[in-house]
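Analysis of the macromolecular model
The primary structure of each chain is shown beneath.
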Amino acid sequence: MQAAVDAELRLLDPEVRASPALVLELLDPEFTEVGASGRRWDAASILTVTSGGSVSPESPVEVSEMSGTVLAPGIVHLTYFADNQGRRAWRSSLWRLTQTGWRVYYHQGTPAAAGEGQALSFGSGRR
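Mapped onto the elements of the fold, Asp28 is located in strand E1 (residues 27–34). Asp28 gets classed as buried once you look at its relative accessible area, which sits at 2%. Considering only alpha carbons, one finds Asp28 and Leu97, 69 residues apart in sequence, at a separation of 9.4 Å. Every residue in contact with Asp28, bar those within four places of it in the chain, is listed here: Ala43, Arg96, Thr98, Arg103, Val104 and Tyr105. Looking at Asp28, its side chain comes within polar contact range of the main-chain nitrogen of Glu30, at 2.9 Å. One polar contact links Asp28 to Arg96, side chain to side chain, over a distance of 2.8 Å.

By the definition in use, this model includes four salt bridges. A salt bridge links Arg10 to Glu25; the shortest N-O distance between them is 3.6 Å. Of this pair, Arg10 sits in helix H1 (residues 2–12) while Glu25 is found in helix H3 (residues 20–26), placing the two residues 15 residues apart along the sequence. Linking Arg88 and Asp83 is a salt bridge whose minimum nitrogen-to-oxygen distance equals 3.4 Å.

What follows covers unusual backbone geometry. Not every positive phi belongs to a glycine, and Glu65 is a case in point at roughly 55°. Mapping Glu65 onto the fold places it in strand E3 (residues 62–72). Positive phi, normally seen in glycine, also occurs at Gln85, with a value near 55°. Mapped onto the elements, Gln85 comes out in the loop between strand E4 (75–84) and strand E5 (87–98).

As a further point, take the nonpolar core. In summary, soluble globular proteins display a tendency toward joint burial of nonpolar side chains. Leu27 and Trp95 are the most contacted members of the largest nonpolar core, which has 24 residues in total. At the level of elements, H1, H3, E1, helix H4 (43–51), E4 and strand E6 (101–111) are the ones that each hand at least two residues to this core. Top element by residues in this core is H1. It accounts for six residues.

In terms of strand pairing, E1 meets E6 through four bridges, oriented parallel. Of the residues in E6, the one forming a bridge with Glu33 is His107. Sheet analysis places E1 next to strand E2 (residues 40–42), joined by three bridges and oriented antiparallel. Across the sheet, the residue bridging to Glu33 is Trp41, located in E2.

Considering only enclosed or pocket space, the largest pocket measures out at about 850 Å³ in volume. Forming the walls of the largest pocket are 31 residues, and the residues nearest its centre are Arg17, Glu33, Asn84, Arg87 and Arg91. Contributing elements (two or more residues each) for the lining of the largest pocket: H1, E1, H4, E4, E5 and E6. Within the lining of the largest pocket, the residues separate by chemical class into 15 nonpolar, 10 polar and six charged.

The next point concerns the packing of aromatic side chains. Counting across every chain of the model gives one aromatic pair. Ring geometry for Phe81 and Trp90: centres 4.9 Å apart, planes at 65°, overall edge-to-face. Seen from the ring of Trp41, Arg39 lies directly overhead, with NZ or CZ sitting 3.9 Å from the centre.

Procedures and definitions
- Throughout this description, residue numbers start from 1 for each chain and increase along the sequence as written.
- In keeping with the predicted nature of the model, local features appear solely for residues at pLDDT of at least 70, side-chain atom pairs appear and are counted solely at 80 or more, and the whole-chain, interface and lining totals rest on all residues.
- The side-chain quantities take in all heavy atoms of the structure and omit both hydrogens and water.
- The helix count covers DSSP runs of H or I at least four residues long, the strand count covers runs of E at least two residues long, and both are numbered beginning at the N terminus.
- Note on exposure labels: buried denotes an accessible area under 20% of the residue type's maximum, exposed denotes more than 50%, and partly exposed covers the range between, all computed with a 1.4 Å probe on protein chains only.
- Contact criterion: two residues are considered in contact whenever any of their non-hydrogen atoms come within 4.5 Å of each other.
- Polar contacts, as used here, are pairs of N or O atoms within 3.5 Å; protein pairs need one atom able to donate a hydrogen and one able to accept it. Residues neighboring in sequence count only if both atoms are side-chain atoms.
- By salt bridge we mean one thing: a side-chain nitrogen of Lys or Arg within 4 Å of a carboxyl oxygen of Asp or Glu.
- Buried Ala, Val, Leu, Ile, Met, Phe, Trp, Tyr and Cys residues that are joined via side-chain atoms within 4.5 Å together make up what is termed a nonpolar core.
- DSSP calls a pair of strands paired once it identifies at least 2 bridges connecting them.
- A 1.4 Å probe that fits into a set of points on a 1 Å grid over the protein atoms alone but cannot get out defines a cavity; an open set with protein on both sides within 12 Å along at least five of seven lines defines a pocket, and lining residues are those with an atom within 4 Å of a point.
- Grid points are joined across faces, edges and corners, and a volume is the space filled by probe spheres set on the points.
- Basically, the charged four are Asp, Glu, Lys and Arg, the nonpolar ten are Ala, Val, Leu, Ile, Met, Phe, Trp, Tyr, Cys and Pro, and anything else, Gly included, counts as polar.
- A pair of Phe, Tyr and Trp rings is counted when the ring centres sit within 6.5 Å of each other, with Trp represented by its six-membered ring. The angle between the planes then sorts it: under 30 degrees is stacked, over 60 is edge-to-face, the rest tilted.
- Two conditions define a charge located above a ring, namely a distance within 6 Å from the ring centre to NZ of Lys or CZ of Arg, and an angle within 35 degrees of the ring normal.

Written out as structure tokens, the structure reads:
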């Protein structure tokens, strides 16, 4: 489970998020996401956003309350609270182990109610 947590935190790192090549290493080919905005994303649309320069390396996503469960061999479900420059959401990711390593298969964000979550920063590149 720790490898999936490490991969999730890597995917949240602004330097990784700003690099389509690094993001692609962590996305499953069948990746889908339902974002906190309600928008549905696939790997191609995520890569379009990251290649557009919309992610600032100086803007870390703050994470708290990370927990995980092994659902089956090679399948891990993670949940956590994220604050991305005031956009606060409860997040859920399904990671699966592939021949090339851990890749996120599904991700969902749900907007958080006001006052929820006490975030800790995971964006400095140090872990």
